[in-house]
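Breakdown of the fold
The lines below spell out each chain.
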Amino acid sequence: MTNSPPPSTSAFPAPKVALVTAAPALESAIAGLADRKTAWVQVPIAQRLQYLEDCLTRLASVAAAWAEAGCRAKGIDPASSLAGEEWTTGPVCTMLGIKALIHSLQAKGQPQPQRMQTRPDGQTVATVFPASWSDRLLWLGFRGEVWLQPGQPATQGWAYRQPTSEGQVALVLGAGNVAAIAPLDVLYKLFAENQVVLLKLNPVNDYLGEFWLAVLAPLIRDGFVAIAKGDASVGQFLCQHPHIDTIHITGATQTHTAIVWGATPAASAERQALTKPITSELGCVTPIVVVPGQWTEAELRFQARHVASMVAHNASFNCVAGKVLVLAQDWPQREPFLALVQQTLAQTPPRQAYYPGAQARYQAFLDRYPQAQPLGDRTEAVVPWTLIPNVPPQAGEYALSTEAFCGVLATVSLPGSNATDFLAAAVPFVNECVWGNLSCVVLVDPRTQQQEPASLDRAIAALQYGAIGVNVWTGAMFSLPALTWGAFPGNSLADIQSGRGVVHNAYLFDHPQKSVLFAPFQIRPTPIWFADHRNLRQIARHYVEFLVRPRWQTFAQVVFAALKG
């Protein structure tokens, strides 16, 4: 089979759009959005679908250049298999988000889940993934659920049930680490929340602005989106602008604190520097809860690769990177598994520490943990993968309360030699002693699942995280827009943790609580987030083509490429 290029959009002349930089241009852009916010609310679904189709086609035409730019910025060979990481976390994730919104709008804002069920405790759970034949074949054995907030109705698509007479202008403060975050946040504000958007690029990855301009050009042309760039002072100016109605940020808690409080959070809301609504996704110290069982040698090796990949993906500059390995002290396979994790990380090629401040954050961990074990050489450009054994399992511990945002993995041991006893200790530990409530992974073998299903069910129900991956890294959940993405509800502005609100949420649930993705214990073929994947770039290229032209021939190319991974 030949590698077909993505479809061209040469037949669609690009609207004259540009990044907004100077102060007068910012004022003009905000004024233009304010003038168009009511018009956006009145745009019919048929026209919205056309916008999304146009964006999808335009994205296909810039996908290769977009991914290549990300590779250059992060020190990745654009021709390597690893380059597929930039394809999947940029163009592919964005395409999946667009396709999911198209499906939602075709259902008039109320797409029907595959199943709705009520748990014995009364909580409603919607099974939303997989929904298509291609997802069923590509994600064999996976099941994705959205759990709704107890006591709330299972309603969907409020923006389409009760459109407001006046729109709003949303400011989206883009993240600098993963390329799909900013465009997906923009599209969610537009199509799920009915708000026109000013996107402020993060200086770390504002080189991608030209591609987002190209993708969103139809919406920019018609006055519903504008894109600006600049430093923190520009962001501060925009947050305080009277014509900005709402704000969404993906970033650090320190930035959120500066926006909302001006300095240190105060106990009284009277000290707030910001009073307009703000939603946020602010990262997490992601725990990996390893449920004790009797694993085969193949299972031990697979899950060691899995854990290492949770650390190494995107050079560990992910808000859901694996950061704390939670193990049972009396698990007989504890030491062999830890040895395999260490060995696998040591064999994983180092990555360029492209994100600002990585070296300082890494040094802060070394200063506090003399037992840290670097598994490679440290250079000006590289933070080595580093294991920190025997971290005390107590609230306030630095490794449990500080997001490293570099290649560090701490280990913690808790009492318990069986699943029931261990989960009874692990769930309150990660809920109460580990910072953040965005992301949590649970690894449990199928025999233990069969022997102690009630213990596992209770644990999943009790975990207070917005994204829970059972035998799957939660980074995969980011790429599946049927699932919600955001912190567990209930964080206050004074104790924001991983943030407030959700994005993605393609089923447009009004009151989601969390999403849970179940996967086989040994996923086949090699998952696309594995650091040792051999053919990721080719999978991503073919998948882009399939998403634009969903045919059996293009799907077969994806499958054949995956089998070579």
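Computed from a predicted structure; not experimentally measured. (Residues numbered from 1 in each chain as written. Predicted model: local features only at pLDDT ≥ 70, side-chain atom pairs only at ≥ 80, totals over all residues. Heavy atoms only, no water.)

The strand order across the open sheet formed by 11 strands is E1-E2-E3-E19-E15-E14-E9-E10-E13-E12-E11, and the pairing between neighbours is mixed. Of all strands in the sheet, those with a lone pairing partner are strand E1 (115-118) and strand E11 (373-374), marking the two edges. Across four bridges, the pairing between strand E14 (residues 439-443) and strand E15 (residues 467-470) is parallel. In the strand pairing of E15, valine 442 is matched with valine 470. Sheet strands in contact with helix H11 (residues 297-312) are strand E9 (286-290), strand E10 (322-328), strand E13 (408-414) and E14, and its direction is about 170° off that of E14. This element, helix H17 (residues 453-462), spans strand E3 (143-148), E14, E15 and strand E19 (512-518) of the sheet and lies at about 140° to E19. (Pairing = 2+ DSSP bridges. Helix = DSSP H or I, 4+ residues; strand = E, 2+ residues; numbered from the N terminus. Contact = heavy atoms within 4.5 Å. Axes fitted to C-alpha atoms, helices over the stretch in contact; angles between N-to-C directions.)

Before going further, it helps to spend a moment on the packing of helix H19 (residues 536-548) against helix H20 (residues 552-563). Two packed helices can be described by the angle between their axes and the distance between those axes. Here H19 crosses H20 at 165°, and the two axes come no closer than 8 Å. The orientation of H19 with respect to H20, classified from their angle, is roughly antiparallel. For the element pair H19 and H20, the recorded crossing hand is left-handed. Residue-level inspection shows Gln538, Ile539, His542, Tyr543, Glu545 and Phe546 of H19 in contact with H20, the latter providing Thr554, Phe555, Gln557, Val558, Ala561 and Ala562. When the residues that make up the contact of H19 with H20 are grouped by side-chain class, the tally is seven nonpolar, four polar and one charged. (Parallel < 35°, antiparallel > 145°, perpendicular 65-115°, else oblique. Left-handed = near helix turned anticlockwise from the far one by under 90°. Nonpolar A, V, L, I, M, F, W, Y, C, P; charged D, E, K, R; others polar.)

On to the pattern of salt bridges. Within the structure shown, the criterion is met by 17 salt bridges. Taking the shortest distance from any N to any O, the salt bridge between lysine 189 and glutamate 193 comes out at 2.8 Å. On the basis of relative accessible area, lysine 189 is assigned to the buried category, the value being 4%. Three or more residues are tied together by salt bridges with common partners; here these are Arg119, Asp121 and Asp457. (Salt bridge = Lys/Arg side-chain N within 4 Å of Asp/Glu carboxyl O. Buried < 20%, exposed > 50% of the residue type's maximum accessible area, 1.4 Å probe, protein only.)

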